[in-house]
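Here's the letter readout for the chains.
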Amino acid sequence: MKTRKNFILKILKLLLVILVFSCSSEKEAIKLEEVIEIPQEKVFYLGADLSHVNEMENCGVVYKDKNGMIKDVFSIFSTEGANIVRVRKWHNPTWTNYSNYNDAEKTIKRAKNAKMNVLLDFHYSDDWADPNKQVIPKAWKPVIDNLEKLGDSVYNYTYKTLEKLNAKNLMPEMVQVGNEINIMILQKDDKSTTMNWSRNSYLLNKGIKAVRDISSATNKKIEIMLHIAQPENGLWWFAEAKKHGVTDFDWIGLSYYPKWSTYNFNQVSDAFKTLIKTYNKKLMVVETAYPFSIENLDDANNILGNDALILGYSATQEGQLKYLTDLKKVIKESGSHGLIYWEPAWVSNNCSTRWGQGSHWENATLFNKNNQPTLGMNFYNSK
């Protein structure tokens, strides 16, 4: 009887809130989210890294929905159920017109216009930063051996970028301090050197502090993520990070690609649980992908071929959807809070990369050769 009364009281309270909300003037209206606060940890993020989209469209690409109608690609993802967009930001990439500040700002604006959250991914480099290379921006090379000045460079760049975005009401909800930072950040070249944790932790904490400070100055909540490639590497990396004083962050971000990981689904589940329990952080897989075909549509060799396939998941649209649905289930059941697909819109096109004409990823996007969604796109709304 008591349970029934409590349930009725909750319903009455909700109806009262809705009544007041609907009857109040626009200026005096009660914000529903202020009355019934949804805990942030209850949100499960499903997203897409759409950093290539502006370039694709400038190369003549158009995207279509499931009915073959040309649509804004951000709208397509939002309609399918995505609620977050990951955006890459290089420091000063003189070799391309993309993933610089102006391009990242444009992508963030498009994501927000489509009512999706934003995860801004700082590559502290002028080029790709990954587990094999973390090359310092050319502008910072003169201070590479002056740790204090280099730390100031990291801080000022991070702070000012976010300050500039905020001035246009484009503050991201999350920020990655570095991309796939398995090795030491801000190295002089692409030949990885031995990890110096004293230096590494100092620089990472400078980036973290910049995000915390701009968040405080603007009174806008920004969650911080540290991103490591492959779950098995996260186990040792976060242990070392904690030992060396890198603790002030909210999210553990992981890349998980079967091609480069030694872990199967059972093992990644255990790794996710261990990381969450050990460090009391939220966890999200911020990069994954799976091929729906082995066919190469252009002159740019594909990165994911037969060597990217795992037993039970064929290189078909059905296999792609099964992989994503099963991984999503593993992530949820482990207590993790999100899954982002890497570059699902990097389709075949008439432009060239530094290695070939077209896309190196078209067989692993979420669009078929007609630029309509594959079955894999259904993972956003799958159970």
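Provided above is the structure to which this section pertains.
Cut-offs used in this document
- Residues numbered from 1 in each chain as written.
- Predicted model: local features only at pLDDT ≥ 70, side-chain atom pairs only at ≥ 80, totals over all residues.
- Heavy atoms only, no water.
- Helix = DSSP H or I, 4+ residues; strand = E, 2+ residues; numbered from the N terminus.
- Buried < 20%, exposed > 50% of the residue type's maximum accessible area, 1.4 Å probe, protein only.
- Areas by Shrake-Rupley, 256 points an atom, 1.4 Å probe, with all protein chains shown as cover.
- Core = buried A, V, L, I, M, F, W, Y, C linked by side-chain atoms within 4.5 Å.
- Contact = heavy atoms within 4.5 Å.
- Axes fitted to C-alpha atoms, helices over the stretch in contact; angles between N-to-C directions.
- Parallel < 35°, antiparallel > 145°, perpendicular 65-115°, else oblique.
- Left-handed = near helix turned anticlockwise from the far one by under 90°.
- Nonpolar A, V, L, I, M, F, W, Y, C, P; charged D, E, K, R; others polar.
- Salt bridge = Lys/Arg side-chain N within 4 Å of Asp/Glu carboxyl O.
- Pairing = 2+ DSSP bridges.
- Right-handed = clockwise from strand over helix to strand, strands pointing away.
- Expected span 1.5 Å × (residues − 1).

Trainee: Please give an account of the overall build of the protein chain that cites residues and values.
Mentor: A tally of helices and strands in the protein chain yields 10 helices and eight strands. Residues classed as buried in the protein chain amount to 53% of the 383 residues present. When the accessible area of the protein chain is evaluated, it comes to approximately 18200 Å², of which 51% is carbon and sulfur surface.

Trainee: Please provide a residue-by-residue account of the nonpolar core, values included.
Mentor: With 93 residues, the main nonpolar core has Y63, F77 and Y380 as its most contacted residues. Leave out the neighbours within four places in its chain, and Y380 touches L46, G47, A48, F77, E80, G81, A82, K328, Y341 and L366. Counting nine residues, the second largest nonpolar core, distinct from the first, contains Y45, L119, W251 and M284.

Trainee: Residue-level account of the packing of helix α5 (residues 101-113) against helix α6 (residues 147-167), with values.
Mentor: Relative to each other, α5 and α6 sit at 45°, their axes nearing to 11 Å. Considered as vectors, α5 and α6 are oriented oblique to each other. Between α5 and α6 lies a crossing whose hand is right-handed. On α6, the residues touching Y101, E105 and I108 of α5 are T161, K164 and L165. Here the contact of α5 with α6 is built from residues that sort into three nonpolar, one polar and two charged.

Trainee: Break down the environment of N205 for me, with residues and values.
Mentor: One can find N205 in helix α7 (residues 197-218). Accessibility expressed as a relative area gives 26% for N205, which makes it partly exposed. Along the chain, N205 and G151 lie 54 residues apart, while their C-alpha atoms are 8.7 Å from each other. In contact with N205, other than residues within four places in its own chain, are G245 and V246.

Trainee: Can you break down the pattern of salt bridges residue by residue, with the values?
Mentor: A full pass over the atoms with the stated rule returns 23 salt bridges. When the shortest N-O distance is used, the salt bridge between E287 and R86 registers 3.2 Å. Of this pair, E287 sits in strand β7 (residues 282-287) while R86 sits in strand β2 (residues 84-89); the two residues are 201 residues apart in sequence, bridging distant segments of the chain. Neither E287 nor R86 differs from the other in exposure class; each is buried.

Trainee: Go over the packing of α7 against helix α8 (residues 231-243) with me, naming the residues and quoting the values.
Mentor: Contact geometry for α7 and α8: axes closest at 10 Å, N-to-C directions at 85°. In terms of their interaxial angle, α7 and α8 are classed as roughly perpendicular. Where α7 approaches α8, its residues W197, N200 and L204 are matched on the opposing element by W237, E240 and A241. By residue class, the composition of the contact of α7 with α8 is four nonpolar, one polar and one charged.

Trainee: Give me the lowdown on the pairing of strand β6 (residues 251-255), citing residues and values where you can.
Mentor: With respect to burial, β6 is a largely interior element, five of its five residues being buried. Pairing between strand β5 (residues 223-229) and β6: five bridges, direction parallel. The partner of L226 across the bridge, within β6, is I252. In terms of strand pairing, β6 meets β7 through five bridges, oriented parallel. The partner of S255 across the bridge, within β7, is E287. Remark: the β6/helix α9 (residues 265-279)/β7 crossover connection has right-handed handedness.

Trainee: Pulling in residues and values, what's your account of α8?
Mentor: The end-to-end C-alpha separation of α8 is 19 Å, in line with the 18 Å expected for 13 residues at 1.5 Å each. Residues of α8 that are buried include every one of P231, E232, G234, W237, F238 and A241, and no others. Summarising the contacts, the buried residues of α8 are in contact with α7, β5, β6 and α9. Positive phi appears at G245, one or two residues downstream of α8, with a value of about 85°.

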